[in-house]
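Observations on the model geometry
The lines below spell out each chain.
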Amino acid sequence: MESLIQQASSYAGSIDGVILLVGWIVGFWFIAVEGIFFWLIWRGRAKPGVKSQYITGKEKHLKRWITWPHALVLVCDVFIVIGAAKVWYDIKLQLPEADSTVRVIGQQWAWVFQHPGMDNELDTADDIFTTDTLHVQNNRTYHYRLESRDVLHDFSVPVFRLKQDAIPGRSITGWFRPTVAGTFDVQCAEICGIGHGVMGGRIVIEEASEHAAWIAQNSTSAQ
Amino acid sequence: MTLSTRNPGAAALALAALLAGTACSAPPQGLARGEAIYDTCSPCHGSMGEGTQRLGAPAIAGLPQWYVETQLRNFEAGYRGAHPMDTVGIRMHSMAQVLRQEGDLESVAEYVASLPRADLEPVLAGDAQAGAAVYAETCVACHGPAAEGMEALGGPPLVGQSDWYLLRQFQKFRMGWRGTNTGDMFGMTMRPNSMLYTDEAVVNAIAYVQTLN
């Protein structure tokens, strides 16, 4: 997955792992089932002197073509459920202590970000507000408080493998820990009106000194 | 007998040339193109550009083409509508991004300018007589004696505009949500003027402008 899209958060690898697990299992069964179908078609082709016959499928030796794969698929489901539940528990049910907290506000059709200023406290006078661009520090754990000003949106950062609905009237808390410095896409992943397609933003992941300089430069007044 | 059966190679070449021509040709510009693009604007600005107060979308029908073009460029560049608190402006900042093809911005501005000015009901109650003095003192310099606008100074016409929208823009200039970016030269001219008057004085001036409609 890393070769398709970069991993830039502490949990991106875990999520990719679940997707790959599902992909491999489903892929195996897809190829196996298609192979058996075509083999059966070939095996049951018209032959001189052989009459076609009606098969009810009730006989034991025929039924096993259904029951065995069914049982095997259920076994595979157990692996998928265990893998997915572990990732869900680690990412969604755990909330590591935050080094910093940002507020992410969706509105038609842009993202507004509220960063803590020099005091590293949100909702104080030196907070930094930006439109379209979120600044964070690399290798630091962030809590985000996700809100919407109008309709449903979805805060999606593909390189983080982060995707969370924003619901009007609610403040949803989640977390992320960037692991790669750089500038990456933020998008809205929930149809939110005529401008949904242009509701993009950027996340700028900076090293400590660079981020501190940005905070110092901007924390005196809102942009 | 058709061309393709007589000479399939030539027919295939002709078809390929036709398809290539279709794919490469730029969309037609002008009023027709502007009308087509306007479908994107009408959900907020109304099918005839009459505006929708509920959405904070102003009447734009009949605004001069130069002004619509300037403001679309300002929105596109983030000179306007990029302030994090300007919920309504942000919407327009985003929508301006859809005008990506060359000539689209000019085409839709031309179409908007061609629409008949909307008949708007005032929603504010100001003292037009008191407002006349305010208008004569400051606004007239850029917006003209009949509030018809002055392109050379970047002053848009104020006649034919909703009173609630004029007041809101005045407040945005005053709060620094508009007119603070150095790329918006005319907006920066308006901002200091917006600090000269209270809302009450502005409502009066707007009431005076309404008498010029």
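Fair warning: this is a prediction, and the values are worked out from it, not measured in the lab. (Residues numbered from 1 in each chain as written. Chains lettered and ligands numbered in written order. Predicted model: local features only at pLDDT ≥ 70, side-chain atom pairs only at ≥ 80, totals over all residues. Heavy atoms only, no water.)

Some thoughts on the packing of aromatic side chains
Per the counting criterion, the structure on display carries twelve aromatic pairs over all chains. Measuring from ring centre to ring centre gives 5.5 Å for A:Trp111 and A:Phe155, while their planes differ by 65 degrees; the resulting arrangement is edge-to-face. Residue A:Trp111 is found in strand E2 (residues 110-115), and its partner A:Phe155 is found in strand E6 (residues 153-157); the two are separated by 44 residues along the sequence. Like A:Trp111, the residue A:Phe155 is buried in the burial classification. Relative to B:Tyr165, the ring of B:Trp164 lies with its centre 6.0 Å away and its plane at 85 degrees, an arrangement referred to as edge-to-face. One aromatic cluster is present, built from ring pairs that chain together A:Trp111, A:Tyr142, A:Tyr144, A:Phe155, A:Phe160 and A:Phe176. A cation over a ring is seen here: A:Arg45 above A:Trp42, with NZ or CZ 4.4 Å from the ring centre. (Phe/Tyr/Trp six-rings, centres within 6.5 Å; stacked < 30°, edge-to-face > 60°. Helix = DSSP H or I, 4+ residues; strand = E, 2+ residues; numbered from the N terminus. Buried < 20%, exposed > 50% of the residue type's maximum accessible area, 1.4 Å probe, protein only. Lys NZ or Arg CZ within 6 Å of the ring centre and 35° of its normal.)

Some details on the domain arrangement of chain A
Residue and element names in this part refer to chain A. The domain architecture assigned to chain A consists of domain 1 (12-93) and domain 2 (100-222). For domain 1 and domain 2, the distance between their C-alpha centres works out to 42 Å. Summing both sides of the interface, domain 1 and domain 2 together bury roughly 430 Å²; the carbon and sulfur share of this comes to 41%. For the pair domain 1 and domain 2, the number of links is one salt bridge. When the shortest N-O distance is used, the salt bridge between Arg161 and Asp16 registers 2.7 Å. For the side of domain 1 that touches domain 2, the secondary structure elements donating two or more residues are helix H1 (12-43) and helix H2 (60-93). Tallied by class, residues from the side of domain 1 that touches domain 2 come to three nonpolar, no polar and three charged. (Domains from an automatic or database assignment. Buried area = accessible area lost by both parts, 1.4 Å probe. Salt bridge = Lys/Arg side-chain N within 4 Å of Asp/Glu carboxyl O. Nonpolar A, V, L, I, M, F, W, Y, C, P; charged D, E, K, R; others polar.)

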